[in-house]
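Okay, here's what each chain looks like letter by letter:
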Amino acid sequence: QDDKLQGFTPDYPGTPMTKNGKLTSNTVGNLKSFSSNELAFYSVLCLAIGLYGALQFNYFDPQFPKVVAGQNFNVSYIVETLLLPVSFFMHIAAYIQKQNGK
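Residues numbered from 1 in each chain as written. Predicted model: local features only at pLDDT ≥ 70, side-chain atom pairs only at ≥ 80, totals over all residues. Heavy atoms only, no water.

## Brief notes about the packing of aromatic side chains
Here's step 1: According to the stated counting rule, one finds five aromatic pairs in the structure shown.
Here's step 2: Here Phe34 and Tyr42 contribute two aromatic rings whose centre-to-centre distance is 6.2 Å and whose plane-to-plane angle is 80°, an arrangement assigned as edge-to-face.
Here's step 3: According to the relative accessible area criterion, Tyr42 is partly exposed, its value standing at 34%.
Here's step 4: Aromatic rings pair up to connect Phe34, Phe41 and Tyr42 into one cluster. (Phe/Tyr/Trp six-rings, centres within 6.5 Å; stacked < 30°, edge-to-face > 60°. Buried < 20%, exposed > 50% of the residue type's maximum accessible area, 1.4 Å probe, protein only.)

## Topic: helix α4 (residues 83-99)
Here's step 1: Along its 17 residues, α4 runs 24 Å from first to last C-alpha, staying within 8% of the 24 Å computed at 1.5 Å per residue.
Here's step 2: For α4, the set of buried residues is Ser87, Met90, Ala93, Ala94, Ile96 and Gln97.
Here's step 3: In this structure, the buried residues of α4 make contact with β2 (22-23) and α1 (36-60).
Here's step 4: Within two residues after α4, Gly101 carries a phi angle of roughly 75°, on the positive side. (Helix = DSSP H or I, 4+ residues; strand = E, 2+ residues; numbered from the N terminus. Expected span 1.5 Å × (residues − 1). Contact = heavy atoms within 4.5 Å.)

Put into structure tokens, the structure is as follows:
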């Protein structure tokens, strides 16, 4: 009865998402070929770039006064800040790979 619940789709053949209650490397999708060390490095790199953009935009080179004055603002700070969520998911992927011994 439990295997026919709505919303639960079966895994693709040959690529199980869980095994014995643990997440497998297939969970991280295209990142499954990366080691946990590589993913941790990219996570820290994305975090550093994202924090740089956020701190520059808000504190060290404030952009809102430039907009109020009618000047152009630095768009690269916004693009850099978009790496913050990426760093979080890279961190989760690194953790999953570390738990799987990769």
